[in-house]
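Now for the letters of each chain:
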Amino acid sequence: MLGVLVAAVWGDLRFAVLYFILLFTAITCGADFTREIPANIFEKKIKRKIKGSLVVGQKKKIPQKPVKLTENSVLHIFYSSLNGSTERFAQSIVPILPYGHHLHNIDYLPGLDEYFSNPAKDSTYLLIVPSYNTQSPLDYLLSTLRDIYHDFRVGKNPLLKVNFAVFGIGDGDYAHEFCYQAKEADKLMGKLGARRLLKVQCGDIRVDAQGSIEKWATVLHDLLLESPDLTPDDSPSDSEEDAPPSNSIADLEDMGAIMKISRAPGVKEMVSKDSPTYNALTKQGYKIVGTHSGVKICRWTKSALRGRGSCYKFSFYGIRSHNCMETTPSLACANKCVFCWRHGTNPVGTSWRWKIDPPAVILEGAIKGHLEKIKTMKGVPGLRLDRFEEAQTIKHCALSLVGEPIFYPHINEFVSMLHERHISSFLVTNAQHPDAMARMGQVTQLYVSIDASTKESLKAVDRPLFKDFWERFLKCLDILSTKRQRTIYRLTLVKGYNVREIGEYAELVKRGKPCFIEIKGVTYCGNSDQSNLTMSNVPYFDEVVTFTEKLVSYLGPSYGIAAEHEHSNCILVARKEFSVDGVWHTWINYDRFFELIESGEEFGPEDYMSPTPAWAVFGMGGFNPEDERWRRKKKEDAKSEKINHAT
Ligand SMILES: Cc1cc2nc3c(=O)[nH]c(=O)nc-3n(C[C@H](O)[C@H](O)[C@H](O)COP(=O)(O)O)c2cc1C
Ligand code: SF4
């Protein structure tokens, strides 16, 4: 108003009118000229969104969904490297990261733009990006991302279904140009609609780039695997003024805030050396590996070393017991089964709350422990030297000893390491962890223990810790039905507990559609306070046969009785696809399996099956003719029954 008067007094009517119009417009539009407009409003850094609220200064909000992993999720690691250091960093984090991955050198990647304009759903992209203040192949990636962003033919947010995180490699001496290309890559990914898992992080090659990238990968591992429902870093995705990229070590400290309790200082070991559990397990012959794993040489391995017969898995699948290592990466599980031979010495829990050992440490420790135990057999009467020599090469790993192997957060890496050494994997789960089951990658054989077929009897037999144990169990079977793998149900018959429920078992088979069903009479492990099973709970072989025949008649023509191992009180039922021209093909072609794994192509169980030998098929007893049948004396028999378990 003062302006109007001053202008009028000065006699310039045009200025007075202009002032008046401006004032009128401001009032009607609600502007408050009495408050100072901050000069730097447009430069202000955008504050991170606090859950559910809008970001200050954000142009448009793209709804951010939590990271959801599915069994089809694929991890793509992209890197560029002029002088090789970024390549080494990228390779070094592969063992830390979860589930199936593809490592791409973008400098030679055909169809680069396809990955960023038309990605596979539910992919996770990790970009490891160096920076160069000169021309480099990296420029091609950045210009590709820019072009896709500006290409009107590509949808506005082509990467909406992609999770991503960028790690920059740079040299701190480049000051304000430090990691500048990684920061740009991060912004561009955000603009293309991808869901940011973490703010961009940078490693300075002059400080500790290796340590920083490992921390970054560990946090990502936890984010992706252990807490699939964690909300990702929801920095704005499509704003020009994207979340401020950071290059300080402080960000890595921030990341620590979302690290799992398993890595927090003071977190407990599952089986510490001074614990009663450690003593109890070592007394039972287990070698404890690291803080939560174990290895033990099984009685069939000893028996095969003496030429006295292998376990039923040789008759059914061609696993030679003297080449087999029985181990577990998690001594803990979420059940207290009545037939568990550990009788209450095992740690239990519904979620992982202990320190985590790296998979390579467990594998090395297990192999060492196994071979040491094999060595102790050297002076044993009847040892076959040829088999003793062969036993120095482990060819199979039964992940079934005790506990719950898929409970171990790095189980997929562990299994991949086995395969890299051409050791086949047999993993048995008790179907209480559907998320882990969904994430479980390719194994040579994937087993589910079916200890009972109704909610009530499962509760009685497994004594589960989870309240929703039945729902978890069924969910695992549903997941199993979708896996294109060699899947197996293992039914343990306990007389007086679960042998009558044949119709219900048949329903569970129809649900999970396993390739094979092993039906085995329970092994007596002796009495204890924790278990009241007696020899009267062990069914005779005839009873196991009768049960199996009835089950197969419930299942109809899609299944048949394929093989038997009378000595172990065990029968194998197989889907008819494993019968080729009337010959059962329940054995495994292990060389072919590793070839398929290494090819990186998709494959199914039919691609590595092999004919079952005549002596193993149903009705033939299942005893390997190369071995010598040896019957124990009564006293020894009773003693050995107490301590052994055939997986
Ligand atoms: C020609 C050249 C230019 C570089 N320019 C930058 C730069 O602008 N900013 C930065 O942070 N680091 C810069 N660096 C450091 C590199 O990013 C760093 O050495 C990185 O480890 C290189 O990765 P590579 O070995 O995979 O090629 C530069 C290095 C070279 C050789
Ligand atoms: S019983 Fe299990 S651990 Fe022993 S040889 Fe057979 S598969 Fe291997």
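Residues numbered from 1 in each chain as written. Chains lettered and ligands numbered in written order. Predicted model: local features only at pLDDT ≥ 70, side-chain atom pairs only at ≥ 80, totals over all residues.

S.K.: Give me the lowdown on the overall build of the protein chain, citing residues and values where you can.
M.R.: The secondary structure content of the protein chain amounts to 21 helices and 20 strands. Residue burial in the protein chain is summarised as follows: out of 647 residues, 42% are buried. Sequence separation of at least 24 residues holds for 75% of the intrachain contacts in the protein chain that already meet a minimum separation of 6. (Helix = DSSP H or I, 4+ residues; strand = E, 2+ residues; numbered from the N terminus. Buried ≥ 20, exposed ≤ 12 C-beta atoms within 10 Å, placed from the backbone. Contact = placed C-beta atoms within 7 Å.)

S.K.: Describe the sheet that holds strand E10 (residues 396-399), listing the residues and the values that go with them.
M.R.: Ordered in space as E7-E8-E9-E10-E11-E12-E13-E14-E16-E15, the 10 strands form an open sheet in which the pairing is mixed. Taken across any chain shown, the strands that pair with only one partner, and hence form the sheet edges, are strand E7 (287-289) and strand E15 (559-565). Averaged over all adjacent pairs, the angle separating strand axes in this sheet is 25 degrees, with direction ignored. Bridging between strand E8 (residues 293-296) and strand E9 (residues 324-328) involves three bridges; their strand directions are antiparallel. Bridge assignment links Lys296 to a residue of E9, and that residue is Glu326. (Pairing = 2+ DSSP bridges. Axes fitted to C-alpha atoms, helices over the stretch in contact; angles between N-to-C directions.)

S.K.: Give a detailed account of the site of ligand 1, specifying residues and quantitative values.
M.R.: Near ligand 1 there are 21 residues, and of these Ser81, Asn83, Ser85, Thr86 and Gly170 occur at the shortest range. For the shell around ligand 1, the elements supplying multiple residues, two or more each, are helix H3 (85-93) and strand E4 (162-170). Here the shell around ligand 1 gets three residues from one element, more than from any other, and that element is H3. In terms of residue class, the shell around ligand 1 is made up of nine nonpolar, nine polar and three charged. (Near = placed C-beta within 6 Å. Nonpolar A, V, L, I, M, F, W, Y, C, P; charged D, E, K, R; others polar.)

S.K.: How would you explain the nonpolar core if you had to name every residue and give the values?
M.R.: Among the nonpolar cores identified, the biggest contains 102 residues, and Leu427, Ile519, Ala562, Val573 and Ala574 are the most heavily contacted of them. Other than its neighbours up to four places away in sequence, Ala562 contacts Leu572, Val573, Ala574, Phe578, Trp584, Thr586, Thr612, Val617 and Phe618. Ranked by size, the runner-up nonpolar core spans 46 residues in total, among them Leu75, Leu138, Ile148 and Ile213. (Core = buried A, V, L, I, M, F, W, Y, C linked by C-beta atoms within 7 Å.)

S.K.: Got a sec to walk through helix H16 (residues 455-462)? Specific residues and values, please.
M.R.: Regarding H16, the residues found buried are Leu458, Val461 and Asp462. Looking straight down H16, one finds that the buried residues subtend no more than 80 degrees of arc, so they occupy a single side. Packing partners of the buried residues in H16 comprise helix H17 (469-482). Of the residues flanking the end of H16, it is Arg463, one or two places downstream, whose phi is positive at about 45 degrees. (Arc of directions from axis to C-beta.)

S.K.: Provide a residue-level description of the pairing of strand E14 (residues 516-521), including the pertinent values.
M.R.: Counting buried positions along E14 gives six out of six residues, so the element sits mostly inside the fold. Burial along E14 is two-sided: the face carrying Phe516, Glu518 and Lys520 and the face carrying Ile517, Ile519 and Gly521 are both buried. Direction of pairing for strand E13 (residues 487-493) relative to E14: parallel, over a ladder of six bridges. Each bridged residue has a counterpart across the sheet, and for Ile488 the counterpart in E14 is Phe516. Traced from E13 through helix H18 (residues 502-512) to E14, the parallel crossover comes out right-handed. Examined bridge by bridge, E14 and strand E16 (residues 570-575) share five bridges and lie antiparallel to one another. (Right-handed = clockwise from strand over helix to strand, strands pointing away.)

S.K.: Please give an account of the environment of Asp462 that cites residues and values.
M.R.: Tracing the backbone shows Asp462 in helix H16. Note on Asp462: 25 C-beta atoms within 10 Å, which makes it buried. Between the alpha carbons of Asp462 and Ala334 there is a distance of 9.2 Å; along the sequence they are 128 residues apart. Ignoring sequence-local partners within four residues, the contact set of Asp462 consists of Asn335, Cys337, Asn430 and Asp451.

S.K.: Explain the packing of H18 against helix H19 (residues 541-555) residue by residue, including any values.
M.R.: Two elements in contact, H18 and H19, have axes whose closest approach is 9 Å; the angle formed by their N-to-C orientations is 55 degrees. With respect to H19, the axis of H18 lies oblique. For the pair H18 and H19, the crossing hand works out as right-handed. Here Ile502, Gly503, Tyr505, Ala506 and Val509 of H18 lie close against H19, whose contacting residues are Phe547, Lys550, Leu551, Tyr554 and Leu555. Split into classes, the residues belonging to the contact of H18 with H19 amount to eight nonpolar, one polar and one charged. (Parallel < 35°, antiparallel > 145°, perpendicular 65-115°, else oblique. Left-handed = near helix turned anticlockwise from the far one by under 90°.)

S.K.: Please provide a residue-by-residue account of the packing of H17 against H18, values included.
M.R.: Remark: H17 packs on H18, axes separated minimally by 7 Å, with the N-to-C direction vectors making an angle of 45 degrees. Between H17 and H18, the angle is such that the two are oblique. Along its contact with H17, which presents Leu477, Asp478, Leu480 and Ser481, the element H18 presents Leu508, Arg511 and Gly512. For the contact of H17 with H18, a count of residues per class yields three nonpolar, two polar and two charged.

S.K.: With reference to specific residues and values, describe unusual backbone geometry.
M.R.: A positive phi angle, near 45 degrees, is found at Ala175, a position not held by glycine. Of note, Ala175 is situated in the loop between E4 and helix H6 (180-191). If you check the backbone angles, Ala431 has positive phi at about 60 degrees while not being a glycine. You can see Ala431 is positioned in the loop between strand E11 (424-429) and helix H15 (434-439).

S.K.: Talk me through the environment of Asp171; I want residue IDs and the actual numbers.
M.R.: With respect to the helices and strands, the residue Asp171 is situated in the loop between E4 and H6. By the C-beta count within 10 Å, which is 18 here, Asp171 ends up partly exposed. The sequence separation of Asp171 and Gly203 amounts to 32 residues, and the corresponding C-alpha distance is 8.2 Å. Ignoring anything within four residues of it in the chain, the contact list for Asp171 reads Asp204, Ile205 and Arg206.

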